[in-house]
Amino acid sequence: MYWWSGLALGLFSFGIIGFGFFWVIRMEYYLGYLWWPYPLAFGLLLVLASLFVGDAGWSALLGITGASFVWGATELKEQAVRADLGWFRANPNRKPDPPGLRWIKKIKAPHL
Amino acid sequence: MLQFAGFWMALATFLSIWWGHVGVRKLEARSGNILPPALLLIGGGLGLNVYAAVAPNLTIAGVCSIIGITLLWDAFELFRQQKRVQKGHAPANPNNPRHAAYLAAGGHATTADLLDREPLDGQAAQPVLRGRPRVGVHMDHSMGD
């Protein structure tokens, strides 16, 4: 009886991963990889929120979306290298500093 | 009471993406022929989705389908990864006869992992380094910024 719901969640996950490719490229281009803690925190918050949503379906959608943002945060650094190598368009303009840049620079950007 | 459905889906999604990146690279680098592993991934992906249809609860159904659909995409990624190796965007494994042939052909294939470096600068207008940087030489900041 879960055949439709399970497949729908699988397809949703597929779609949200595809969206991840899109926003990682855009975010690296316009903001820079040093903004990585923000999608990481956003993703973790979504996963945390999924624990407190009573409905299993909504909880699932939040969890899947959160996990995709956590992954995207770890992918920003590699995307910056791809842009350095000329595999992706590099932004010719200076990017804005993320809030808390001093602390962010003290932590090695996560990459898996 | 806490609802753990989302947590298990999150774990399945994260691990699926992780394996889709890291595992597919390793599998492609070690396989002499990528067709058999691709067929295995397709079989596994279809099997998990069929099981999702009869799974006893939503969490198991969702986790199976998330992993199943990702495995189907991973089969496709094996072929894309093969192209990346041919282009030099992923390191060739000289011990793999298929990769050794790419290296011997004198194209763009290389054993260097060009992505294994730190970004030049997070915020500065980025210099674009077209072409292939020399193997083992780290790009220095004097090249642009």
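What comes next concerns the included structure. (Residues numbered from 1 in each chain as written. Chains lettered and ligands numbered in written order. Predicted model: local features only at pLDDT ≥ 70, side-chain atom pairs only at ≥ 80, totals over all residues. Heavy atoms only, no water.)

## With respect to the interface of chain B and chain A
Opposite the 49 residues of chain B that make contact, chain A presents 58 residues. When chain B packs against chain A, close to 4300 Å² is buried across both sides, 68% of that on carbon and sulfur atoms. Applying the counting rule to chain B against chain A returns three salt bridges. A salt bridge links B:Glu118 to A:Lys108, with the shortest nitrogen-to-oxygen separation between them at 3.0 Å. The tally of links from chain B across to chain A stands at nine residue pairs in polar contact (both at pLDDT 80 or more). Elements with a minimum of two residues in the side of chain B that touches chain A: helix 1 (5-30), helix 2 (35-54) and helix 3 (58-87) of chain B. Across the side of chain B that touches chain A, the residue classes tally to 30 nonpolar, 14 polar and five charged. (Contact = heavy atoms within 4.5 Å. Buried area = accessible area lost by both parts, 1.4 Å probe. Salt bridge = Lys/Arg side-chain N within 4 Å of Asp/Glu carboxyl O. Polar contact = N/O pair within 3.5 Å; in protein donor to acceptor, adjacent residues only side chain to side chain. Helix = DSSP H or I, 4+ residues; strand = E, 2+ residues; numbered from the N terminus. Nonpolar A, V, L, I, M, F, W, Y, C, P; charged D, E, K, R; others polar.)

## Section: the nonpolar core
Among the nonpolar cores identified, the biggest contains 17 residues, and A:Leu9, A:Ile64, B:Met9, B:Phe14 and B:Ile66 are the most heavily contacted of them. A:Trp23, A:Trp36, A:Phe69 and A:Ile104 belong to the second largest nonpolar core, which has 13 residues in total. (Core = buried A, V, L, I, M, F, W, Y, C linked by side-chain atoms within 4.5 Å. Buried < 20%, exposed > 50% of the residue type's maximum accessible area, 1.4 Å probe, protein only.)

## Some details on the packing of helix 3 of chain B against helix 4 (residues 97-104) of chain B
All names here are of chain B. Orientation of helix 3 relative to helix 4, taken along the N-to-C sense of each, is 35°, at an axis distance of 9 Å. Note on element contacts: helix 4 touches helix 3 through Arg98, His99 and Tyr102, opposite Gln82, Val85 and Gln86. In terms of residue class, the contact of helix 3 with helix 4 is made up of two nonpolar, three polar and one charged. (Axes fitted to C-alpha atoms, helices over the stretch in contact; angles between N-to-C directions.)

## Details of a nonpolar patch on the surface
Together, A:Leu45, A:Leu48, A:Phe52, A:Leu112, B:Leu2, B:Phe4, B:Trp8, B:Leu11, B:Leu15 and B:Trp18 give the surface a local cluster of nonpolar side chains, amounting to about 980 Å² of exposed area. At the level of elements, helix 2 (37-50) of chain A together with helix 1 of chain B are the ones that each hand at least two residues to the nonpolar patch. With four residues, helix 1 of chain B is the single largest residue contributor to the nonpolar patch. With respect to the element layout, B:Leu11 can be found in helix 1. (Patch = residues over 30% accessible without salt bridge, like charges linked within 9 Å, V, L, I, M, F, W, Y side chains within 5 Å. Areas by Shrake-Rupley, 256 points an atom, 1.4 Å probe, with all protein chains shown as cover.)

## Here we look at helix 3 (residues 56-84) of chain A
Residues and elements named next belong to chain A. With 29 residues, helix 3 should reach 42 Å at 1.5 Å per residue; the first-to-last C-alpha distance of 42 Å fits that figure. Bending of helix 3 peaks at approximately 35° at the position of Glu75. With 24 of its 29 residues buried, helix 3 lies for the most part within the structure. The opening residue of helix 3 is Asp55, an N-cap whose side-chain oxygen sits 3.1 Å from the backbone nitrogen of Gly57. Gly86, located one to two residues past helix 3, shows a positive phi value of around 85°. (Expected span 1.5 Å × (residues − 1). Bend = angle between axes of the 7 residues up to and from the residue.)

## A closer look at helix 4 of chain B
All names here are of chain B. Every buried residue of helix 4 is accounted for by Arg98, His99 and Tyr102. Buried residues of helix 4, seen end-on, are gathered within an arc of 95° and therefore sit on one face of the element. Turned more than 90 degrees off the buried face of helix 4, the exposed positions are Pro97 and Ala104. At its buried positions, helix 4 is contacted by helix 1 and helix 3. Where helix 4 begins, the capping side chain belongs to Asn96, and its oxygen is found 3.0 Å from the backbone nitrogen of Arg98. Just downstream of helix 4 lies Gly106, where phi reads positive at about 75°. (Arc of directions from axis to C-beta.)

## Quick look at the pattern of salt bridges
Residue and element names in this part refer to chain B. Under the criterion given, the structure shown has 10 salt bridges over all chains. Among the salt bridges present, the one from Glu28 reaches Arg98, with a minimum N-O distance of 2.7 Å. Here Glu28, found in helix 1, pairs with Arg98, found in helix 4; they are 70 residues apart in sequence, far enough to count as distant. Arg98 shares its class with Glu28; the two are buried. Here Arg80 makes a salt bridge to Glu77, at a shortest N to O gap of 3.6 Å.

Worth remembering: the numbers are spatial, not functional.
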